[in-house]
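Geometric and topological summary
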Amino acid sequence: MPGQGRIRVDVLTIFPSLFAPFLDEAMVGIARRKGAAEIAVHDLREWTRDRHRTVDDAPYGGGPGMVMKPEPLVDAIEAIAGAKGPERKAHVVLLSPQGRRLDQAGMETFSQCEHLVLVCGRYEGVDQRAIDLGVDEEVSIGDYVLSGGEVPAMVLIEGIARLLPGVLGNPESAETDSFQARNQGLLEGPHYTRPAVYRDRAVPEVLRSGDHGAVARWRAERAQERTQERRPDLTGARGDPKR
Ligand code: ADE
């Protein structure tokens, strides 16, 4: 699973066209153009064998919605990643609300993979046999339910792309972002740029003082304060149980 900073990502989806502009623009586009990431998107329907290119079916046991069929999914995963087992080099991730919740540490781990295969779930779920036979890990981007794994796959790709060596213009900036180790897992404080006064609101004097030590202390205090207020769980303190 570990790579040397260059990553190959294959996305498996029934909506490949959702990815085109996302992969060409901004940080992800830069990562691809610099050769730090090679990303391919595959249409799951290419692995169907019937005239209607069927990827889903009714759930056994009844209930609402449809379930993704195992055959096209497992065939596609095996074609892209190889059969599941100790020989397989690729790490196959199913984006699903049932997965382990993604955080910045998870992003860092994924960014060190050599080959990631992102399977976008749709409908009410995925046949469990396809998960057992093809998927290494299920990942959720948060405790809410979307209609499919496409946006979660984009979240993962964007989070990874900005961590790849040589992708960020300023290599320092990733390290001061919220949740990064350098920031001791705290949120960032407020940021300001010119003008110094905007609609009667002045930039805090200390930031214009030129005193780097005072600026660093002020930023550390604001980070503490904001984290305490908004995310007490990140400070190790327990939040208000009633909220
Ligand atoms: N698919 C639907 N909801 C999702 C979520 N929260 N995370 C990952 N994949 C999903």
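Quick look at the structure, then. (Residues numbered from 1 in each chain as written. Predicted model: local features only at pLDDT ≥ 70, side-chain atom pairs only at ≥ 80, totals over all residues. Heavy atoms only, no water.)

**Focus: the sheet that holds strand 5 (residues 91–101)**
So the rule is basically this: A pair of strands is treated as paired once DSSP finds two or more bridges between them. Elements are defined by DSSP. Helices are runs of H or I of four residues or more, strands are runs of E of two residues or more, and each kind is numbered from the N terminus. Geometry is summarised by axes, namely lines fitted to C-alpha atoms with helices restricted to the contacting stretch, and by angles between N-to-C directions that run from 0 to 180 degrees.
Strands sit in the order 2-1-6-5-8 across an open sheet of five strands; the sheet is parallel. Every other strand in the sheet has two partners, leaving strand 2 (37–43) and strand 8 (137–140) as the edge strands with one partner each. If you compare each strand with its neighbour and ignore which way they point, the axes differ by 30 degrees on average. Across five bridges, strand 5 lies against strand 6 (residues 115–120) in parallel orientation. Counterpart to Leu-95 in the pairing with strand 6 is Cys-120.

**A short note on the packing of helix 2 (residues 26–33) against helix 6 (residues 150–161)**
In plain terms, the rule: When describing relative orientation, an angle under 35 degrees is termed roughly parallel and one over 145 degrees roughly antiparallel, while 65 to 115 degrees is termed roughly perpendicular and anything else oblique. Whether a crossing is left-handed or right-handed is set by the direction in which the near helix is turned from the far one by less than a right angle, anticlockwise for left-handed and clockwise for right-handed. Here, two residues are considered to be in contact whenever any of their heavy atoms come within 4.5 Å of each other. In the scheme used here, Gly and all other residues not listed as nonpolar or charged are polar, with Ala, Val, Leu, Ile, Met, Phe, Trp, Tyr, Cys and Pro taken as nonpolar and Asp, Glu, Lys and Arg as charged.
One way to put it is that helix 2 packs onto helix 6 with a least axis distance of 9 Å and a crossing angle of 60 degrees. The orientation of helix 2 with respect to helix 6, classified from their angle, is oblique. In the packing of helix 2 onto helix 6, the handedness of the crossing is left-handed. Residue-level contacts link Met-27, Val-28 and Ala-31 of helix 2 to Ile-157, Glu-158 and Ala-161 of helix 6. The residue inventory of the contact of helix 2 with helix 6, partitioned by class, reads five nonpolar, no polar and one charged.

**Quick notes on the pairing of strand 1 (residues 7–13)**
Our working rule: Only protein chains enter the accessibility calculation, which uses a 1.4 Å probe; a residue whose area is less than 20% of its type maximum is buried, one above 50% is exposed, and one in between is partly exposed.
A large share of strand 1 lies buried, amounting to six of its seven residues. Note: strand 1 against strand 6, five bridges, orientation parallel. Residue pairing in the sheet places Arg-8 in a bridge with His-115 of strand 6.

**Observations concerning the nonpolar core**
Heads up, the rule is: The definition of a nonpolar core used throughout is a set of buried Ala, Val, Leu, Ile, Met, Phe, Trp, Tyr and Cys residues joined through side-chain atoms within 4.5 Å.
Judged by nonpolar contacts, the single largest core of 30 residues is most densely connected at Phe-110, Leu-116, Leu-118 and Leu-156. Tallying contributions element by element places helix 6 first for this core, with six residues. The contacts of Phe-110, once residues within four sequence positions are left out, are Ile-7, His-91, Val-93, Arg-100, Leu-102, Leu-116, Glu-137, Val-139, Leu-156 and Ile-160. Among the nonpolar cores identified, the runner-up in size contains 20 residues, and Ala-90, Val-117, Val-119 and Ala-130 belong to it.

**Re the pattern of salt bridges**
For clarity, the threshold we go by: The salt bridge criterion pairs a side-chain nitrogen of Lys or Arg with a carboxyl oxygen of Asp or Glu, the two atoms within 4 Å.
Going through the model one piece at a time under the given rule, you end up with 15 salt bridges. Among the ionic pairs, Asp-127 bridges to Arg-129, the shortest N-O distance being 2.7 Å. Counted as one network, the salt bridges with shared partners bring together Arg-6, Arg-8, Asp-10 and Glu-38.

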